[in-house]
Every structure is written in structure tokens, then in C-alpha cells.
Amino acid sequence: MKRYCINFDCSEHQSRHLGSAVSGRVSKKGTFYRLCDRRYIQRFKCLVCKIQFSKATFDPDYRQHRRDINQRLFVFLGSGITQRRAAILFQTDRMTISRKLRILGVRSKVDHFEWLEETYQGKPIKRVQFDDLETSEHTKCKPISVPLAVRKDGREILDFQVKRMPAKGTLAKIARQKYGKRKDERPEGWDQLFKNLKPFLHPKAVIESDENPHYPKYVKRHLPNANHIRHKGARGASVGQGELKRQKFDPLFSLNHTCAMLRANISRLFRKTWNTTKKLENLEAHLWIYVRYHNTVLIKSDL
Ligand SMILES: [Zn+2]
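Residues numbered from 1 in each chain as written. Predicted model: local features only at pLDDT ≥ 70, side-chain atom pairs only at ≥ 80, totals over all residues. Heavy atoms only, no water.

**Q** Outline the overall build of the protein, listing residues and values.
**A** Per the secondary structure count, the protein includes 9 helices and 9 strands. In terms of principal-axis extent, the alpha carbons of the protein reach across some 70 × 45 × 45 Å. Split into buried and exposed, the 303 residues of the protein put 45% on the buried side. Here the analysis covers contacts within the protein between residues at least 6 apart in sequence; of these, 55% occur between residues at least 24 apart. Accessible surface computed for the protein: about 17100 Å², of which carbon and sulfur atoms make up 52%. The average position of the 63 basic charges and that of the 30 acidic charges among the side chains of the protein differ by 4 Å. (Helix = DSSP H or I, 4+ residues; strand = E, 2+ residues; numbered from the N terminus. Buried < 20%, exposed > 50% of the residue type's maximum accessible area, 1.4 Å probe, protein only. Contact = heavy atoms within 4.5 Å. Areas by Shrake-Rupley, 256 points an atom, 1.4 Å probe, with all protein chains shown as cover. Lys, Arg positive; Asp, Glu negative; His and termini not counted. Charge placed at Lys NZ, Arg CZ, Asp CG, Glu CD.)

Here it is in C-alpha cells:
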């Protein structure tokens, strides 16, 4: 593989867009020993601007320590292992795991949208189920809503959003006194969810949900020709035990089953009071990791 200069201002770097008009201006310049995976890495030097770089500069794991655990950590985080436990299992620092959670989250999100395009471009999805999964950040007084859309026939998770919402019911007053007024960000979430889904949905797709009074407005706004079916259903407990309901036939089975899988495989969704989400960004990263693992590994093994 031909190496090019990494310096954007260098004529050697610019010339790579012009084909091979200029070549051979990057030479090898020794190696260095990388401790974390015990390998010698080739170094290079640009003969035009004299800048030095190495094979590692082009690596997606550039500047990461413990790159050896990335793939296994991805699997662990999608399999109910907490960050703390992962740090113990990999004999590494909790901070390393926490940084990697973010990196793997970003990577999973990018991969997810590429996968969506590859899989559904030209093959629009005809049946989708959606609902909001509820969790909280640190305390039940600060609930979080996760609007989530699932393809009905294959149970692939298509998109989700992470949005703040005010506490409901008996907690509402206490929450306001303790933490002040909390903005309801759910409308933005529903808008964004349908915006992201629209390119992959059939214009006349069947969209199924529960009877949440907010939903029809957002379906109409983004998918005016879709057929929105609203199912009557008893709302489950806040921790999600109600997601797999005791009724004989659950019309929203694909969605409810997926929500139950999220609660069984994402450690921070296990319990109300232990290892809860502290930062919204980390919940989002963790969800992306799970979504990627769910779509590419878990549901595939069911078939
Ligand atoms: Zn250069």
C-alpha cells in the first residue's frame, strides 16, 4: 500500500488526489516498539516537508492503549458486563474502560448507519414498531426517555434517541423541588427518530405503537402516507417487567421483546438503584454498542 504524507499542507499530500503523478516521496525511517501489543511498527518520513509518521497513524486505534481488548470489550458491554467488572476482567483501569466505551459508541453508531444504508437502501422497510423505553440518570427524579424503533419482522433496532423528560406522578413535585424544572425533550426525540428513519421506510409503511397520545402527530408529520396502527395495551412497570406482558397475544411483541433484551443485556438498565446512568452521553454510547451487537450478532444467532 502506498503511503502518503499526513500533512494536509504538504504538496506530497495534495498530490495523492492527482493520482500517481508524484510518488516515492515518502521513505521508510526505522521502526518503534509498541508496548501494548508488543509489535515493531514501521515509521515513515516525508521527503518534501520532513514530517515523520508511522503505520500506526493510519490505524483507527491510533493512540489507544490496550487496543488488544477493544473487540472483546465491545462484546462484554453488549452482554451485561458493567464497566467496573470489565476493568477487573481486563486488569485495566476504570478510566481506560470508560474512554473506550465512548470510542466504541461512536464507532458503533457510524457502523450502524452504514449498515442501515447497505441493508435497506432500495429495499424499504414495510413494518415498524416503536415506543419509548424509560430509564433515569442517577435518580428516578430525572427520568430519561429512549424512543426506539424496531423492524417488526426481523427485530433489528433501526434507531433510538436519548432524551430528558420531567418526572411523572407522585415524584413530579419532589423532583421539581429538588432539581428544579426539567425540560421535556421528548418531542425533539420523536422528530429526530422519524427523520432518521424516513429514508429507509416505505412511504406507505405500517407503523405500530401503543396509544400514547403524542405519537400520531409525529407519524403524520414525517410519514403522511403511512398507516399508523395504535394498539391498546396495559402500560408496564417502570423497570420494564411489563414489557413482556401476561397477555396471550402481544401485538407489539417485536418491540417489547427488544426492550426486554435491552434491559437484560445493558448493565446500566438492570436495576433501579445500582449502577445507574450518570452521564447521558455514556448511556447513548452504551446503547449504540448494544444496538450494533444486537443487530449483527444476537438476532442473527436466533435464525
Ligand atoms: Zn509532506
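**Q** Can you tell me about the pairing of strand 4 (residues 125-136), naming the residues and giving the values?
**A** For strand 4, a buried count of 9 out of 12 residues is recorded, marking the element as mostly surrounded by other parts of the structure. Of the strand pairs in this sheet, strand 4 and strand 8 (residues 201-210) are connected by 4 bridges, and their pairing is parallel. Looking at strand 8, one finds that Ile125 is bridged to Leu201. Connecting the antiparallel pair strand 4 and strand 5 (residues 143-151) is a turn made up of 6 residues, with His138 showing a positive phi of about 65°. (Pairing = 2+ DSSP bridges.)

**Q** An account of the packing of helix 2 (residues 70-77) against helix 4 (residues 94-120) is requested, with residue identities and associated values reported.
**A** Where helix 2 meets helix 4, the axes come as close as 10 Å, and the angle between the chain directions of the two elements is 85°. Viewed along their axes, helix 2 and helix 4 adopt a mutual orientation that is roughly perpendicular. Along its contact with helix 2, which presents Asn70, Leu73, Phe74 and Leu77, the element helix 4 presents Ile97, Lys100, Leu101, Leu104, Arg107 and Ser108. Here the contact of helix 2 with helix 4 is built from residues that sort into 6 nonpolar, 2 polar and 2 charged. (Axes fitted to C-alpha atoms, helices over the stretch in contact; angles between N-to-C directions. Parallel < 35°, antiparallel > 145°, perpendicular 65-115°, else oblique. Nonpolar A, V, L, I, M, F, W, Y, C, P; charged D, E, K, R; others polar.)

**Q** Describe in detail the pattern of salt bridges, supporting the description with residues and values.
**A** Going through the model one piece at a time under the given rule, you end up with 16 salt bridges. One salt bridge in this structure joins Asp68 and Arg66, with 3.2 Å as the shortest N-O distance. By sharing partners, the salt bridges in this structure join Glu137, Arg164, Arg182 and Glu185 into a single network. (Salt bridge = Lys/Arg side-chain N within 4 Å of Asp/Glu carboxyl O.)

**Q** Please set out the environment of Tyr218 residue by residue, giving values where relevant.
**A** Mapped onto the secondary structure, Tyr218 falls in helix 7 (residues 215-222). Measuring from C-alpha to C-alpha, the distance between Tyr218 and Lys195 comes to 9.9 Å, with 23 residues separating the pair along the chain. If we ignore the near neighbours within four places in the chain, the residues touching Tyr218 are Pro187, Trp190, Asp191 and Phe194.

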